Amino acid sequence: MGTNVTWLGHNAWSIETSGKTLLLDPFLNDSPTAPVKADAVTADYILLSHGHGDHLGDTVDIAKRTGAVVLTNFEVSQWLGKKGVPAEKLIGLNPGGGSKQPFGHAKFTIAHHSSSMPDGSYGGVPGGFLLTLEDARIYFACDTALFLDMKLIGASPLDLAVLPIGDMFTMGPEDSIDAIKLLNPKRVAPCHYNTWPPIAQDAAAWAATVQSHTAATPVVLEPGGVINL
Ligand code: NI
Ligand code: MN
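Note that residues are indexed from 1 along each chain, following the sequence as it is written. Written order decides the labels, with chains lettered from A and ligands numbered from 1. Totals for whole chains, interfaces and linings use all residues, but because this is a predicted model, local features are given only for residues with pLDDT of at least 70 and pairs of side-chain atoms are given and counted only at 80 or more. Hydrogens and waters are ignored; side-chain quantities use all the structure's heavy atoms.

> Help me understand unusual backbone geometry in this model?
Trans peptide bonds make up the majority, and among non-glycine residues the majority have a negative phi. Its identity as a non-glycine residue notwithstanding, S18 has a phi of 50 degrees, on the positive side. For the purposes of this entry, the term helix denotes a DSSP run of H or I that reaches at least four residues, the term strand denotes a run of E that reaches at least two, and both are numbered from the N terminus. For S18, the location among the structural elements is in the loop between β2 (13-17) and β3 (20-24).

Given below as structure tokens:
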């Protein structure tokens with residue numbers, strides 16, 4: 001059947017698996033690099049890592065239009081409820097907790113970062129997502145520093161790890177190499193870079209270092225590019 005993972009720029013991804021579409025951090029309309037606008041995407045599920053605007057993005061509008069179930073942290077789920085996303089469509093997680101769904105299992109993993117909502121209200125604890133799908137195991141680190149516990153996530157085989165490499169707001173390219181060594185994924189894709197000048201990075205140089213210093217295969221996409229698993 002296969003799983004398709006499409007980069008929508010920054011930390012926005014669309015995952016098609018088991019007949020379902022999952023959107024991760026759908027920052028589209030205000031993203032300088034997103035290849036689609038929010039009204040053109042479909043979603044059965046939205047995975048939202050934290051409340052910062054470059055991740056929350058168009059979540060409220062997409063959730064209302066599509067009726068997608070939103071998996072995020074508890075505080076962000078409460079905030080989305082106040083914005084009119086129906087309570088029965090909200091799943092509020094906390095780090096280490098997951099949810100079994102028809103597409104597989106989504107675990108909210110730890111992330112070292114901050115989280116607040118665009119209106120300044122408390123956004124709870126940020127996270128990443130570890131997806132155990134029918135035919136693939138995928139880790140989206142989302143906004144985080146490098147942390148040693150990535151070794152636990154890599155203790156079972158990963159088909160794909162998606163890591164930020166932009167530096168400044170998240171880990172940069174050098175720390176991502178250590179992250180890859182801890183995670184030991186088959187393939188690794190970079191994100192959260194080249195969206196704006198402060199997080200500009202040379203992805204080709206990063207890929208060369210991945211190839212020479214780790215066992216993983218780097219996959220550098222352009223926005224709109226797809227990884228087939
Ligand atoms: Ni952030
Ligand atoms: Mn971010």
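> Mind showing me how you'd approach a negative patch on the surface here?
Residues enter patches when their relative accessible area tops 30% and they take part in no salt bridge; the joining distance is 9 Å for like charges and 5 Å for the nonpolar side chains Val, Leu, Ile, Met, Phe, Trp and Tyr. In these tables, accessible area is a Shrake-Rupley quantity obtained with a 1.4 Å probe, and a residue counts as shielded only by the protein chains included in the view. One side-chain nitrogen of Lys or Arg within 4 Å of one carboxyl oxygen of Asp or Glu is enough to make a salt bridge. When charges are counted, neither His nor the chain ends are considered; positive counts come from Lys and Arg and negative counts from Asp and Glu. Throughout, a charge is located at the NZ atom of Lys, the CZ atom of Arg, the CG atom of Asp or the CD atom of Glu. A contiguous patch of negative charge on the surface is contributed by D167, E174, D175 and D178. Mapped onto the elements of the fold, D178 is located in helix α5 (residues 173-183).

> Would you take a moment to explain the coordination of the manganese ion (ligand 2) for this structure?
Tetrahedral metal sites with four donors have an ideal angle of 109.5 degrees; octahedral sites with six donors have ideal angles of 90 or 180 degrees. With water omitted from the atoms examined, metal sites may look incomplete; donors here are N, O and S atoms no farther than 2.8 Å from the metal, or 3.2 Å in the case of Na, K and Ca. For the manganese ion (ligand 2), every protein donor is listed as D54 (OD), H55 (NE2), D143 (OD) and H192 (NE2), and the spread of their distances is 2.2 to 2.3 Å. Expressed as a motif, the donor residue spacing for the manganese ion (ligand 2) is D-H-x87-D-x48-H. The distance between the manganese ion (ligand 2) and the nickel ion (ligand 1) is 3.3 Å, with D143 acting as a donor to both metals. One end of the pair, D54, is in helix α1 (residues 53-56); the other, H192, is in the loop between β12 (187-191) and α6 (203-213), and 138 residues separate them in sequence. Judged on exposure class, the residue D54 and its partner H192 are both buried. Three exposure classes are used, based on accessible area relative to the maximum for each residue type with a 1.4 Å probe and protein chains only: buried under 20%, partly exposed in between, and exposed over 50%.

> Can you walk me through the nonpolar core in this structure?
Side chains that are nonpolar tend, in soluble globular proteins, to be buried together. Working definition of a nonpolar core: buried Ala, Val, Leu, Ile, Met, Phe, Trp, Tyr and Cys residues. They are joined through side-chain atoms within 4.5 Å. By size, the foremost hydrophobic cluster in this structure holds 51 residues, and its most contacted members are W13, L131, Y139, F140 and L163. Here this core takes five residues from α5, the largest share from any one element. In terms of nonpolar packing, the next biggest core, distinct from the first, is built from 22 residues, A38, L48, L90 and M117 among them.

> Honestly, the coordination of the nickel ion (ligand 1) in this entry has me stumped. Any pointers?
Of the protein atoms, only H50 (NE2), H52 (ND1), H113 (NE2) and D143 (OD) coordinate the nickel ion (ligand 1), at distances of 2.1 to 2.3 Å. In this scheme the shape depends on donor count and angles: four donors with every angle between 85 and 135 degrees give tetrahedral, four or six donors with opposite pairs above 155 degrees and others between 65 and 115 give square planar or octahedral in turn, and any other case is irregular. Around the nickel ion (ligand 1) sit four donor atoms, and with donor-metal-donor angles ranging over 86 to 178 degrees the site reads as irregular. As a motif over one chain, the donors of the nickel ion (ligand 1) read H-x1-H-x60-H-x29-D.

> Would you explain the environment of D178 in this entry?
Classification of D178 by relative accessible area gives partly exposed; the value is 37%. For the pair D178 and H213, spaced 35 residues apart in the sequence, the C-alpha separation amounts to 9.3 Å.

> Explanation requested: the packing of aromatic side chains in the structure shown.
The relation between two aromatic rings is expressed through the spacing of the ring centres and the mutual angle of the planes. Note on ring pairs: Phe, Tyr and Trp rings are taken, using the six-membered ring of Trp, and paired if centres are within 6.5 Å. Classes follow the plane angle, with under 30 degrees stacked, over 60 edge-to-face and the rest tilted. Tallied over the entire structure, the rule returns six aromatic pairs. Between F27 and W196, the ring centres sit 5.9 Å apart and the planes meet at 45 degrees, which makes this aromatic pair tilted. Taken together, the residues F27 in the loop between β3 and β4 (45-47) and W196 in the loop between β12 and α6 connect sequence positions 169 residues apart. The buried category is assigned to F27, whose relative accessible area is 6%. According to the relative accessible area criterion, W196 is partly exposed, its value standing at 30%. Aromatic side chains F108 and F129 sit 5.4 Å apart centroid to centroid with 65 degrees between the ring planes, which places their arrangement in the edge-to-face category. With F108 in strand β8 (residues 104-110) and F129 in strand β9 (residues 127-133), the pair connects residues that are 21 residues apart, well separated along the chain. Summarising the burial analysis for this pair, F108 and F129 share the class buried. Every member of this aromatic cluster is reached through a ring pair, and the members are W7, W13, F140 and Y193.

> Explain the environment of T66 here, please?
Structurally, T66 can be placed in helix α2 (residues 59-66). On the basis of relative accessible area, T66 is assigned to the partly exposed category, the value being 28%. In the structure, T66 is positioned ten residues away from L56 in sequence and 16 Å away in space, judged by C-alpha atoms. At 2.7 Å, the side chain of T66 and the backbone oxygen of I62 are in polar contact. Each polar contact in these results corresponds to two N or O atoms within 3.5 Å; when the atoms are within protein, one needs to be able to donate a hydrogen and the other to accept it, and residues that are neighboring in sequence are counted only if both atoms are side-chain atoms.

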